[in-house]
Each structure stands twice: as structure tokens, then as C-alpha cells.
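Descriptive structure summary
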2 protein chains.
Amino acid sequence: MSESIDPYYSRTSDTWEAAPRVDPTASDCPGPLTTDEVWNYAHDGFLFAQSLFSQDEVDEMLAEAKSLAENWPPSRPGIVREPGCDTVRSIFRLHRISDMFQRLFADERLLDRAKQLIGTEVYIHQSRVNYKPPMDGKEFFWHSDFETWHVEDGMPRMRALSMSVFLTESHEFNGPLMLIPGSHETFIRCSGKTPENHYEQSLRRQEFGVPSREALETLLHGREIIAPKGPPGSVVFFDCNTMHGSNGNLSPMPRVNLFAVYNSVENVVKEPFCDRPPRPEYLAERNIEPVALHLDSR
Amino acid sequence: MSESIDPYYSRTSDTWEAAPRVDPTASDCPGPLTTDEVWNYAHDGFLFAQSLFSQDEVDEMLAEAKSLAENWPPSRPGIVREPGCDTVRSIFRLHRISDMFQRLFADERLLDRAKQLIGTEVYIHQSRVNYKPPMDGKEFFWHSDFETWHVEDGMPRMRALSMSVFLTESHEFNGPLMLIPGSHETFIRCSGKTPENHYEQSLRRQEFGVPSREALETLLHGREIIAPKGPPGSVVFFDCNTMHGSNGNLSPMPRVNLFAVYNSVENVVKEPFCDRPPRPEYLAERNIEPVALHLDSR
């Protein structure tokens, strides 16, 4: 019977609740990370690798993203623009639409770390590039990605991680990714119900699946906020349940990040845990291909 | 004839323009600041004094502000609340409504620095306490206070300075004051006209008297952003034309600042430089009393 109980139910009542995580954060598989690095990742829910890619590689990624946006087929879903203008905010499903990004996501610097931490073969659940424009970039409130992926996409358990590659320098003033170390150990059940086509709004400003102020205060009690900073090519690996957000960008520099979610092939998405149809595939991949195969099949 | 030309005209056309400052930033009067400190202030447009007040003094200021808000007479103007709720965002005209703040603004640690930098006797043009609540505190876009004080209040020249006393620790994540060093040397004429009763909106979100993105890019070219951080009781002194702003507060800690504007008694406000009536006195004092006299007269 216990098999059938969802440990991560959420948006089922009017109140929030804190529940313990029931999945391990890191495996003990071998890989490029040291025992200390794996321990820190399991303890903090994230790991920062400065300058994992060179400026030349970053330039290639930026050029590819620019080219994708410029040649975007009008009928293809998966591009999000800033409210009220044409400025591109996000481009999705890079792992399907770009050979270059397919190769990158299979690069051992990312893939071997993902496989070591998750402990199985992995596939890409979602990938995108995010532009936070200079002086107009909006803040993104605290959230756990897993809450949304679980409720709206049907991802069963916490066996996924995100990686964010800095494509511009991440500094104090351009709205860097902020994380709450240790927050991944607690699942915050959010209040409210999921509205229809929620994703169309939530990519701009999320209202459901957002922790309450009170839940965050509980989570932050005795914990600090960390915003890893570094040059282009640096990478933050963070657990799918690590609470994170980002401030607005009032600096004259854009903040551009590449984002990919590696999920365990043993944790593929099912029916959503809410009574809504699944989100589009550019947000939640359902055509499961372990990452290494992307390369073999080309 | 040159006497009659306003060097700081603004909001008179549809385009922005950068004009040189024509007033000195600092005097060479003696006072508590060293020659280096005065030079740095003149060069950067601001000066940071860490822990100028003790925690006990800060506690007294916080208690006084709390008491003022709790006992606010319903008919008295000068209290601003967050949109859609009762949370207090700002309380104005502290120099008129509170003995404690009157004494504080006459404290030699503030007053002697203000007089040394401005070079004359001074009076308080505006004073307030600002609460940026935890997790909900909104960003404030870049602006020069002088532009507003000139156009909407009739402050003739750049002979005023602001001081911001941290009543909570100011850190990376609670939306600290950000300044652009050197920006005080350039006056950005803003585009557009001043709408009626602009102040009612602009205290929450300013739309006019805000520099264009292009103007800011010009101003920021080759310059950096600085956000002084420090414990409660630290003070930032900054010139009335120094471009500043602040990010949102996504941290669990409020950011509370006390703010007072010292203006030269030789630079008292006249008729506004726009065709609108002056703003209320809680925003722009017209009952001029040099600060020291506040104490003598009690």
C-alpha cells in the first residue's frame, strides 16, 4: 500500500506543509567529483564549478543561441519573450533543436558529473537559455523546480539535477542565481490548486507552486543565502528540490545562463500529479533518450 | 542674462540629454572629515562611514519609528504603505514630528559632516524611514534625487546631500542602496512632462524623472556599481545628484534605512521648475530652519 502513496503531494489543500525528502541527493557511484565534492553537494544541495568551460566555448554557445532565436520557425513553440516587447527571455528544448547543444549536454564535464551524482544513466528533462536583460531583467521569486516538475509534469521522485552554465559573468548586480543551502532536504507542499494552462503564466511570473512567505521563513531559519559568482563558463549544479530564485538586473550587463535538467532514466515522467494535462514537451521532455545516445545516433 | 538660465532644466522635451554639473560637490570648510575623505566624496559622489552609530542608538531609532507608525494620526499626511496592504513602507518628515529624530539630525556625527561638505549652515529638506520588507521588498529603479527635487520641488542648485543610516544590516541580499560613483558630475535631463500629482505614484513606482536606459548606459560606461554594506548604524553620505537605486529584497530580513536630506540654507526651495504646484511639505520642507536651531528653540 505504501507504494501507492505519493510522498510529494502538493497543491492539495489551502495550507502549506514541510515534509522530509525521502530520496537520496547523491549516489556513491565513481566519477570526476571527489568524495568531498559529492559530500558537499549532498549536504548543500548544490556544487559550484568555476570556469568549467572556456570563453571560446561560451562564445560558441552564445552564437548558437542567437542563431536559434533569429531563425526561429514561427510555428515552433518554446520561445518566451519579455512582456510587451520582442526581447527574447528564454529559448527551450535546446537538446532537440541544436546539434551543438546536444553535443554540449553529452560533454563529459557535464554528463559524467550528472551521472555520478544521480547514479544512473540520465536524459534531459528540460533545457533552455535564459536572458536577463540589462536594467530591465525581472526578479524570479523563490521556488523548488521539483514541486512544479512533480505536480505539473509527473516527475515521480527527486532524482534530477539542474545545471546552470554562466554565459556571461555572474556578479552581485546582474541578478545572479541565489540558492538556500540545505533546503533540498525539505519538500514544501504548496497551497492552492493548479489552474488550467498554468505554464503560460508561470514562465513569466509564477503564482502557484510558490512557497508561502511563512514556509520560506521556516526554511531560511538558521540558513543563509548563497549566490555563486564567477566568470563565463562557470557552472552551478543543483538538486531539483533546492530552493532558488534571482533578483532583478539593474546593471548595464545582461545575465545569460544556459540551463539543463538531467533526470534519471529510472525516474521518467508519468501522468502529472494534478488533474491537468501534461505541459508541452518543450517544458517537459516525454521522448526519453539517455543523453549519451544522442551522440551515438547521429 | 546668464543668471536667468536654469542649468538643470529637465522634462522639457521628448529626448534625454547629459549636461555637466555646474556646482561644486564639496566645500573646503574644516570639519571632522579628512582631506582624503572630502576628496573621495567629491570624486565619487558618496562616502561610507561604517558603524557611525551604536546598536543601542539604532534600537532607539527603530523603536521611535515603530511608535510613530503605531500612533499615526489618521489625518496626518506622510505615511506610505505597500500597495494592497497595511505594511508601512515609508514615514516622512521625521524632523518635524519627532524630538528624537530632531536631536539625531543635529547630532555632530551627521550635522558636522553635512556642513563641512556643503560649506554652509544646512536645513532638512526631507527626512524619512524606509522599510523594505523581507521577501516582498520591491526594487527602486536608478534615479537622481536632485532631478525630482529641482523639477518638482524647486530646489535651485546641487547643494544638498542625503544620508542614509542603516537601521538593519545592509547585505548583498536585502536590496542594499546601489550607487554609480562619479555619476553626480553629470546631470541627466529626463524626457517627458510631469503629470499632475505625480508624487502620489512616484513614491511607489516612478515613471517620470527617470533616466532612460540609454542615458544610464552612457553614464555607466566605464563606471562600476557600488553597494556599501555594513552593520546597523553605518551611514552612506551621498550627493543629491548621485545616481542610485536598489534591488528587491528576496531575503528573510527586512532592510530598514533612515534617510535625511541636508540642503544649504543658501539653496532653499523656490517655485517648482515645472508648471505644477509644489509637492506637500512632508516631501519638500518649505518652513526653513537651520538644523542647529531645532535644538536651541526647544
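First, a word on scope: everything that follows refers to the structure included in this document. (Residues numbered from 1 in each chain as written. Chains lettered and ligands numbered in written order. Predicted model: local features only at pLDDT ≥ 70, side-chain atom pairs only at ≥ 80, totals over all residues. Heavy atoms only, no water.)

**Considering the environment of Thr194(B)**
Residues and elements named next belong to chain B. What counts, and what does not: Put simply, DSSP marks the helices as runs of H or I at least four residues long and the strands as runs of E at least two long, and each gets a number from the N terminus on. Pairs of residues are marked as contacts when any of their non-hydrogen atoms sit within 4.5 Å.
Position of Thr 194 among the secondary structure elements: in the loop between strand 9 (186–189) and helix 7 (198–202). Taking the C-alpha atoms as reference points, Thr 194 and Phe 208, separated by 14 residues in sequence, lie 6.4 Å from one another. Setting aside anything within four residues of it in sequence, one finds Thr 194 in contact with Arg 11, Val 151, Glu 152, Cys 274 and Arg 276.

**What to know about the relation of the copies chain B and chain A**
Going by this rule: Each copy is superposed on the other by least squares, with the fit set by C-alpha atoms of residues at a pLDDT of at least 70 in both.
Each copy of the sequence occupies a distinct position, and chain B is placed on chain A by a rotation of 180° and an axial shift of 0.0 Å, giving an RMSD of 0.0 Å. Put plainly, the chains are arranged around a two-fold axis. Residue by residue, 100% of the interface of chain B is reproduced at the interface of chain A, so both copies engage with the same surface.

**A look at the interface of chain B and chain A**
The criterion, for reference: We define buried area as the total accessible area lost by two parts upon association, computed with a 1.4 Å probe and summed across both. Here a salt bridge means any side-chain nitrogen of Lys or Arg lying within 4 Å of a carboxyl oxygen belonging to Asp or Glu. As used in this structure description, the phrase polar contact means that two N or O atoms lie within 3.5 Å; if the pair is within protein, one of them must be able to donate a hydrogen and the other to accept it, and residues adjacent in sequence are counted only when both atoms belong to side chains. Each residue gets one label: Ala, Val, Leu, Ile, Met, Phe, Trp, Tyr, Cys and Pro are nonpolar, Asp, Glu, Lys and Arg are charged, and the others, such as Gly, are polar.
Taken together, the contact pairs 23 residues of chain B with 23 residues of chain A. Both sides together, the interface formed by chain B and chain A hides about 2100 Å², and carbon and sulfur atoms give 64% of it. Taken as a group, Met135(B), Phe173(B) and Leu250(B) account for 35% of the area that chain B buries against chain A, more than any other trio of residues on that side. With a shortest N-O distance of 2.5 Å, Lys229(A) and Glu172(B) are connected by a salt bridge. Inspection of the region where chain B meets chain A yields 6 residue pairs in polar contact (both at pLDDT 80 or more). Listed by contribution, the elements that provide at least two residues to the side of chain B that touches chain A are strand 6 (140–143) and helix 8 (213–220) of chain B. Per-element accounting of the side of chain B that touches chain A gives the leading share, 4 residues, to helix 8 of chain B. Here the side of chain B that touches chain A is composed, by residue class, of 13 nonpolar, 4 polar and 6 charged.

**Overview of the sheet that holds strand 10 (residues 235–239) of chain A**
Residues and elements named next belong to chain A. To keep things clear, this is the line we draw: When DSSP locates at least two bridges between a pair of strands, those strands are taken to pair. Every angle, taken between N-to-C directions, lies between 0 and 180 degrees, and every axis is a line fitted to C-alpha atoms, over only the stretch in contact when it is a helix.
An order of 2-10-7-12-5-4-3 is seen for the 7 strands of this open sheet, with the pairing classed as antiparallel. Where the open sheet ends on each side, the last strands, each with one partner, are strand 2 (46–49) and strand 3 (79–81). Adjacent strand axes in the sheet meet at a mean angle of 15°, parallel and antiparallel pairs treated alike. Contacts from helix 1 (residues 35–44) reach strand 2, strand 7 (160–166) and strand 10 within the one sheet, and its direction differs from that of strand 2 by about 130°.

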